[in-house]
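One letter stands for each residue in the lines below.
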Amino acid sequence: MDKRSKRILIAFGVALIVLMVVEIMRPKPLDWSPNYTTTAKTPLGGHIAYEELGDFFDAPVKRVTEDPFEFLQREDYGTGELYFFVNAYLRLDGNQVDRLLKFAEAGNTVFLSSNAFGEVLLDTLKLDISREYSFREAEARPQLYNPGLALDEPPLFQKTIIPVHFSEIDTLQTTVLGAMDVLNKNLVTEEREEDLLNYVRVPVGEGSIYLHTLPQAFSNYYMLDGASNYTAAVLSYLEPSKIYWDEHLKSGRVFIGSPLRYVLNQKGLRWAYYLVIGGLLLFVLVRAKREQRMIPLVEPLRNDSKDFTATIGNLHFQYKNFSNIIAKRITYFLERIRSDYYLNTENLNEDFIVRLASKSGNPKEETQELIQLINALKGKSIHSESDLIRLNKALEKFYK
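Residues numbered from 1 in each chain as written. Predicted model: local features only at pLDDT ≥ 70, side-chain atom pairs only at ≥ 80, totals over all residues. Heavy atoms only, no water.

Engineer: What's the story with helix α11 (residues 322-341) in this structure? I'm lost.
Structural biologist: Over its 20 residues, α11 runs 28 Å from end to end, which matches the ideal 28 Å to within 8%, given 1.5 Å per residue. For α11, the complete set of buried residues consists of Phe 322, Ile 325, Ile 326, Ile 330, Phe 333, Leu 334 and Ile 337. The arc that holds the buried residues of α11, viewed along the axis, is 160 degrees, so those residues lie on one side. Looking one or two residues past α11, Tyr 342 carries a phi angle of roughly 55 degrees, positive in sign. (Helix = DSSP H or I, 4+ residues; strand = E, 2+ residues; numbered from the N terminus. Expected span 1.5 Å × (residues − 1). Buried < 20%, exposed > 50% of the residue type's maximum accessible area, 1.4 Å probe, protein only. Arc of directions from axis to C-beta.)

In structure tokens form, the structure reads like this:
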């Protein structure tokens, strides 16, 4: 290795070490992204709620890491149990909703706290939600309607608040449990919207489904910042004998499929790994030399058969031998049908049309028009240029 290469390699190594030290020593910015997983200790994580949930109800808590549909299909649940969901957004599909409804009908409870629930669940329960997008900076004071659970000083939610509320409910079935008073801080006049419904209960069979639109109430930050009384009041409607905590439908759920996941999860090992990879790349860039001659450009073989076909086609067209061209186009089309779809083309009848449409994926009506055109052209002795154009367009439409 010459002196110049050594200097470049040393300079690169020193720069990487400096960057690594700066990255390790630099304080991490506070992560306000919603997580709500049991292990997340960030402001919007769910670690505290998960740890306190069992003590609050004096009931065992089971952490469920699989899809609700698969879990409830396999789990032998009883009655009086609670399936607990909290996340920034929940978009339940039809299969998940069906299983949760059966779970509730058996005398259990489903609790969901989120800014979205999915159209399937909302349509099933005859609910609708609205988001106040004009409130870019919002404050919310939630309150419960039950006088026994109402707070003298409702907590103030100031950070990461999205004013989501129920705009439509089924008044015959739905019980409103709480609302929130929202203040738009972005306006000079401090526009305020009161009684935005954010907590409802819908009976389902022998059980119930609770929907709550302020998931921040179950986050680490707000439970430590004076909102725990409100959180406890929200949960006071529930009396489970066993709790299933959903850990599958979470924004912060992390997937690491690499075999180096342990190395990449440890900051020191991760930077050492990057340093080694960077050094190897630098060595390759500095030391690599071109040791082989330039590969000559080889022209691809000319497709003479294609040129021959084009020449013959032009010859037929110039002599206006339309009948010959049409016969060849039909013969080629039927041969392709036999080789691609394994269909007998001896009788181009209704049964043939149905089977061809099914195998080719074309609509039956368009396939029928094409076959009728072919039968009509085969029955004519003299053909015109317009007949050839019609056949060509029909065949191109079929192939597309």
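Engineer: When you look at the environment of Gln 216 in this model, what are you seeing that I'm missing?
Structural biologist: Along the polypeptide, Gln 216 turns up in the loop between β9 (207-212) and α6 (220-224). Apart from the residues within four sequence positions on either side, Gln 216 is in contact with Tyr 36, Leu 44, Asn 115, Phe 157, Thr 160, Ile 161, Ile 162 and Tyr 222. (Contact = heavy atoms within 4.5 Å.)

Engineer: Can you help me understand the packing of aromatic side chains in this one?
Structural biologist: When we look at a pair of aromatic rings, we describe it by the centre distance and by the angle of the planes. Using the criterion set out here, one finds 25 aromatic pairs in the structure. With a centroid separation of 5.8 Å and 85 degrees between ring planes, the pair formed by Phe 71 and Tyr 83 is classed as edge-to-face. With Phe 71 in helix α3 (residues 68-74) and Tyr 83 in strand β2 (residues 81-86), this residue pair connects regions lying 12 residues apart in the sequence. No difference in accessibility class separates Phe 71 from Tyr 83, as the two residues are buried. Consider the rings of Phe 84 and Phe 218, whose centres lie 5.5 Å apart with planes at 80 degrees: the pair is edge-to-face. Taken together, the residues span a long stretch of sequence, with Phe 84 in strand β2 and Phe 218 in the loop between β9 and α6 at a distance of 134 residues. An aromatic cluster is present here, built from Tyr 50, Phe 84, Phe 111, Tyr 199, Tyr 210, Phe 218, Tyr 237 and Trp 245 joined pairwise through their rings. Above the face of the Tyr 399 ring, Arg 336 is positioned so that its terminal group lies 4.3 Å from the ring centre. (Phe/Tyr/Trp six-rings, centres within 6.5 Å; stacked < 30°, edge-to-face > 60°. Lys NZ or Arg CZ within 6 Å of the ring centre and 35° of its normal.)

Engineer: Help me out: how do you make sense of the pattern of salt bridges in this one?
Structural biologist: Side chains that differ in sign of charge can pair as their charged atoms come close. In this structure the tally under the stated criterion is 10 salt bridges. Between Arg 336 and Asp 340 there is a salt bridge, and its shortest N-O distance comes to 3.2 Å. Pair noted here: Arg 336 and Asp 340 are both in helix α11, with a separation of 4 residues, about one helical turn. Arg 336 gets classed as partly exposed once you look at its relative accessible area, which sits at 33%. Judged by relative accessible area, which is 41%, Asp 340 ranks as partly exposed. The closest approach of N and O atoms between Arg 390 and Asp 387, which form a salt bridge, is 3.9 Å. Residue Arg 390 and its partner Asp 387 are located together in helix α14 (residues 385-399), separated by 3 residues, close to a single helical turn. (Salt bridge = Lys/Arg side-chain N within 4 Å of Asp/Glu carboxyl O.)

Engineer: Whenever I open this one, the packing of α11 against α14 confuses me. Can you help?
Structural biologist: Packed helices, taken two at a time, are described by the angle between their axes plus the distance between the axes. For the pair α11 and α14, interaxial distance at closest approach is 9 Å and the crossing angle is 20 degrees. With respect to each other, α11 and α14 are oriented roughly parallel. Viewed along their axes, α11 and α14 form a crossing whose handedness is left-handed. Contacts between α11 and α14 involve Phe 322, Ile 325, Ile 326, Arg 329, Ile 330, Tyr 332, Phe 333, Arg 336 and Ile 337 on the former and, on the latter, Glu 385, Asp 387, Leu 388, Leu 391, Asn 392, Leu 395, Phe 398 and Tyr 399. Considering only residue class, the contact of α11 with α14 consists of 12 nonpolar, 1 polar and 4 charged. (Axes fitted to C-alpha atoms, helices over the stretch in contact; angles between N-to-C directions. Parallel < 35°, antiparallel > 145°, perpendicular 65-115°, else oblique. Left-handed = near helix turned anticlockwise from the far one by under 90°. Nonpolar A, V, L, I, M, F, W, Y, C, P; charged D, E, K, R; others polar.)

Engineer: Please explain a nonpolar patch on the surface as it appears in this structure.
Structural biologist: Taken together, the side chains of Tyr 273, Tyr 274, Val 276, Ile 277, Leu 280 and Leu 281 present a nonpolar region at the surface, about 550 Å² in accessible area. Inspection of the secondary structure assignment puts Ile 277 in helix α9 (residues 267-287). (Patch = residues over 30% accessible without salt bridge, like charges linked within 9 Å, V, L, I, M, F, W, Y side chains within 5 Å. Areas by Shrake-Rupley, 256 points an atom, 1.4 Å probe, with all protein chains shown as cover.)

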